[in-house]
Amino acid sequence: MTLPDTLQTSFKTVLSYRIRSLLIVLAMALGVASVIVLTALSDGARNYVINQFSSIGTNLLVVLPGRAETAGSFLGSVLGQTPRDLTLKDAQLLGRLPQVKRYAPLNIGAAELSAANRLREVTVLGSNANLIPIRHMKLAQGNFLPHGTERSAQIVLGAKIANEFFPRSQAIGQRVRLGDNRFLVSGVLAPQGESMGFNTDEIVIIPIDYAQTMFNTTSLFRILVEAKNHSEIESAKQAILAALKQSHDGEDDTTVITQDAVLATFDRILHALTLAVGGIAAISLIVAGILVMNVMLVAVNQRTAEIGLLKAIGATSVDIRRLFFAEAIWLSLAGAFLGFLLGELGSGLIRFAYPQLPAWAPAWASIAGIGVALATGILASLFPASRAARLDAVNALGKR
Amino acid sequence: MIRLTAVTRTFHMGDQAIHALNNIDLHIASGEYVSIMGPSGSGKSTLLNIIGLLDRPDSGSYELDNRLITDLSETEQARIRREKIGFVFQSFHLIPRLTAAENIELPLILSGIAPEQRQVRVHAALQAFELTQRANHRPAELSGGQRQRVAIARATVMRPGVILADEPTGNLDHQIGAEVMSLLENLHRSGTTLIVVTHDRELGARAHRQIGMRDGNIFADRSDDAA
């Protein structure tokens, strides 16, 4: 029996047992589809988190006071205090490093904002003009501390705050009171919503000098540093640590977090999650494989007389084994293909329903899903096919 | 030419040994018309299965066309079944999901004959057995006589030298059975060896050589000189 004839004959057989074939293809397809949809979901979540992280800046390093290691036992580590704070002088020092493109010192506090007979508590960021580009924030209108006005009392309002205080009039050019100081509104942030649990629509930004005066401090909460390019992140980190150590009398009392490292960690965790979810979905494929085996065993029993006849008219054991094997391959192929389509359709629907979630199944998951479906289908058919091939012709013919 | 020498076949039913064939010697020349008769359990079907290479003897030797068959591999035996032997069964053994034409085509497919050539030979077979009108009907849509004609067409489409028929008229009424028998006898007239197993005396008597079996032994072997 030639290969094309074997394939064609078994294909006709699959078609003629319509309901049986449909059900088994469906089982296979659901298995493949669940692998694709679930990995698409979890890979989409991974990309979502990574996008969120990237949206807070590129080539970003965060300098914070204190050491990440708690090996030392100075009292401050418990209280969240450190012997030496980060200062504006430190920040300016970092700005002179060759690997650093720009930096933004950062102080955070809360103060009462009042204007136009309205009053509310707001989160106050104190920084310089670089904060906006480093943190990838966008100004809807105006600007913040343009060159030459670094010392003036300017304030940038978050989108929601601007809207609350000046619902009908232009916010820019208005005077507001923050704590005990008066500020001139120079810009309004574009609405960005929540990112990394921090809502930029409800903050105000003022120059760092004013913030330090207002909160009566000389220390900085953070220094945000942007490296010149991606390859210099690591050397920038070393240079920053060295520079601060020198300025802090040889004490290694600062920590530098690179955005890359945080991103890589999240990427690893969520990638592992995708793998795990894909693996769980693959179990349903194994179940489908066992279903294929069961159906093929039933088919061998059902068609005992037919197998006997085929032997009587000259089919070899190899012919019969191949016929049943090819039948299982057709079923698995159809199941894998249909499952792939269903899975792509499913992840497309998820993307449609949640546009911010990039739910694309990774290529490896689709390939693995289809591969596992074919492999289990083929493996599961080996036993029934060889059982058919081994049937004794005389006994098989006797059955009806 | 078929030559069986000292062929024995024993089945085991529980702890009981049943001697289906007991040291049988038999020679059938090419082109003979032989009937094998006997009550059920006499070993006549086992004999037919061994001649048809569906079963292997426990001991003894079997030569077909001067070739020792007993030692051949399974694959070789399948090839001989395909090319030299045609089976006709009491219960037709047609594949229910295939049409008449597709059932007839099966042995050609198994032999790896090209599709165009298959079409020619299936068409010829359908015509020879007056089944052209029924070519695309499934067995369930055919009468008993038509089904057996499809089965005979399938058995002969490879032009085998030997036709083995096991109770070919057992499931047919008398008149249709007679028609089927005359089809088989036509094949014999064109040179094919025809071996018919039956327990119907009238049917057996139509053969030119009649072999009687009982308890695994040949007890009678008569030839009509009129042949």
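Residues numbered from 1 in each chain as written. Chains lettered and ligands numbered in written order. Predicted model: local features only at pLDDT ≥ 70, side-chain atom pairs only at ≥ 80, totals over all residues. Heavy atoms only, no water.

Comments concerning the overall build of chain A
The helix and strand inventory of chain A stands at 13 helices and 12 strands. Here the C-alpha radius of gyration of chain A, 34 Å, is well above what a compact globule of 400 residues would show, namely 21 Å. Dimensions along the principal axes, computed over C-alpha positions, put chain A at roughly 105 × 55 × 35 Å. Sequence-distant contacts in chain A: of pairs separated by 6 or more residues, those separated by 24 or more amount to 80%. Surface summary for chain A: the accessible area is close to 19400 Å², and the carbon and sulfur share equals 61%. Once the 34 positive and 28 negative side-chain charges of chain A are each reduced to a mean point, those two points are 9 Å apart. (Helix = DSSP H or I, 4+ residues; strand = E, 2+ residues; numbered from the N terminus. Rg over C-alpha atoms; globule rule 2.2 N^0.38 Å. Contact = heavy atoms within 4.5 Å. Areas by Shrake-Rupley, 256 points an atom, 1.4 Å probe, with all protein chains shown as cover. Lys, Arg positive; Asp, Glu negative; His and termini not counted. Charge placed at Lys NZ, Arg CZ, Asp CG, Glu CD.)

Side note on the interface of chain A and chain B
Taken together, the 26 residues of chain A in the interface contact 23 residues of chain B. The contact between chain A and chain B buries some 2100 Å² in all, and 61% of this surface belongs to carbon and sulfur atoms. Its largest share of buried area at the contact with chain B, chain A owes to Leu309, Ile313 and Val394 of chain A, together 25% of the area lost on that side. The interface formed by chain A and chain B includes three salt bridges. The shortest N-O distance in the salt bridge between Asp5 of chain A and Arg118 of chain B comes to 2.8 Å. Within the residue set of the side of chain A that touches chain B, elements represented by two or more residues are helix 1 (3-16), helix 10 (304-312), helix 11 (317-353) and helix 13 (393-398) of chain A. Counting residues per element, the side of chain A that touches chain B draws most heavily on helix 10 of chain A, which supplies six residues. Taken together, the residues of the side of chain A that touches chain B sort by class into 11 nonpolar, seven polar and eight charged. (Buried area = accessible area lost by both parts, 1.4 Å probe. Salt bridge = Lys/Arg side-chain N within 4 Å of Asp/Glu carboxyl O. Nonpolar A, V, L, I, M, F, W, Y, C, P; charged D, E, K, R; others polar.)

Some remarks on the pattern of salt bridges
In this structure the tally under the stated criterion is 22 salt bridges over all chains. Put simply, Arg9 of chain B and Asp58 of chain B hold a salt bridge, and the shortest N to O gap is 3.1 Å. With Arg9 of chain B in strand 1 (residues 2-13) and Asp58 of chain B in the loop between helix 1 (44-51) and strand 4 (59-64), this residue pair connects regions lying 49 residues apart in the sequence. The buried category is assigned to Arg9 of chain B, whose relative accessible area is 15%. Counted as one network, the salt bridges with shared partners bring together Arg120, Lys160, Glu164 and Glu202 of chain A. (Buried < 20%, exposed > 50% of the residue type's maximum accessible area, 1.4 Å probe, protein only.)

Topic: the nonpolar core
Counting residues in hydrophobic clusters, the biggest one holds 73 residues, and the most contacted among them are Leu310 and Phe324 of chain A together with Leu47 and Ile195 of chain B. For this core, the element with the highest residue contribution is helix 9 (residues 259-302) of chain A, accounting for eight residues. Setting aside chain neighbours within four positions, we find Leu310 of chain A in contact with Ala315, Ile320 and Leu323 of chain A together with Ile95, Leu106 and Leu110 of chain B. Listed in part, the 35 residues of the second largest apolar core include Phe129, Ala155, Val180 and Met181 of chain B. (Core = buried A, V, L, I, M, F, W, Y, C linked by side-chain atoms within 4.5 Å.)

Here's the deal with empty space enclosed by the protein
Over the atoms rolls a probe the size of a water molecule, and in doing so it shows where empty space is left. Evaluated as defined, the whole model comprises three cavities of 30 Å³ or more. Estimates place the volume of the largest cavity at around 140 Å³. Elements that contribute at least two residues to the lining of the largest cavity include exactly helix 1, helix 10 and helix 11 of chain A together with helix 3 (100-110) of chain B. Tallied by class, residues from the lining of the largest cavity come to nine nonpolar, three polar and four charged. (1 Å grid on protein atoms, 1.4 Å probe; cavity = no way out; pocket = protein on both sides within 12 Å on 5 of 7 lines; lining within 4 Å. Points joined across faces, edges and corners; volume = space filled by probe spheres on them.)

Describing helix 2 (residues 74-84) of chain B
Of the positions making up helix 2 of chain B, those classed as buried are Gln77, Ala78, Ile80, Arg81 and Arg82 of chain B. Buried-residue contacts for helix 2 of chain B involve helix 10 and helix 11 of chain A together with strand 4, strand 5 (67-68), strand 6 (85-88) and helix 3 of chain B.

Regarding the domain arrangement of chain A
Here chain A is partitioned into domain 1 (3-53 + 264-398) and domain 2 (84-252). Each of domain 1 of chain A and domain 2 of chain A has a C-alpha centre, and these two points are 57 Å apart. (Domains from an automatic or database assignment.)

Description of the sheet that holds strand 10 (residues 217-223) of chain B
Residues and elements named next belong to chain B. Read across the open sheet, the six strands follow the order 6-7-8-3-9-10; overall the sheet is mixed. Strands at the two margins of the open sheet, each flanked by one partner only, are strand 6 and strand 10. Across this sheet, the average inter-strand angle for adjacent strands is 15°, counted without regard to direction. Here strand 3 (residues 33-37) runs beside strand 8 (residues 193-198); their pairing, made up of five bridges, is parallel. Along strand 8, the bridge assignment pairs Met37 with Thr198. (Pairing = 2+ DSSP bridges. Axes fitted to C-alpha atoms, helices over the stretch in contact; angles between N-to-C directions.)

Looking at unusual backbone geometry
Residues and elements named next belong to chain B. A positive phi angle, close to 50°, is found at Arg159, a residue other than glycine. Mapped onto the secondary structure, Arg159 falls in the loop between helix 5 (144-156) and strand 7 (162-166). Under the relative-accessibility criterion, Arg159 is labelled exposed at 61%.

Structural notes on the packing of aromatic side chains
What the rule picks out here adds up to four aromatic pairs over all chains. Between Phe183 of chain A and Tyr210 of chain A the ring centres are 5.6 Å apart and the planes differ by 65°, which places this aromatic pair in the edge-to-face class. You can see Phe183 of chain A sitting in strand 7 (residues 181-189) and its partner Tyr210 of chain A sitting in helix 7 (residues 208-214), a full 27 residues away along the chain. Phe183 of chain A gets classed as buried once you look at its relative accessible area, which sits at 0%. Geometrically, the ring pair formed by Phe87 of chain B and Phe89 of chain B is stacked, given 5.4 Å between the ring centres and 5° between the ring planes. (Phe/Tyr/Trp six-rings, centres within 6.5 Å; stacked < 30°, edge-to-face > 60°.)

What about the packing of helix 5 of chain B against helix 6 (residues 174-189) of chain B?
All names here are of chain B. At a minimum axis distance of 10 Å, the contact between helix 5 and helix 6 shows a crossing angle of 15°. Compared by their axis directions, helix 5 and helix 6 come out roughly parallel. As helix 5 packs across helix 6, the resulting crossing turns out to be right-handed. Together, Gly145, Gln148, Arg149, Ile152 and Thr156 of helix 5 and Ile176, Val180, Leu183, Leu184 and Leu187 of helix 6 make up the contact between the two elements. For the contact of helix 5 with helix 6, the residue count by class is six nonpolar, three polar and one charged. (Parallel < 35°, antiparallel > 145°, perpendicular 65-115°, else oblique. Left-handed = near helix turned anticlockwise from the far one by under 90°.)

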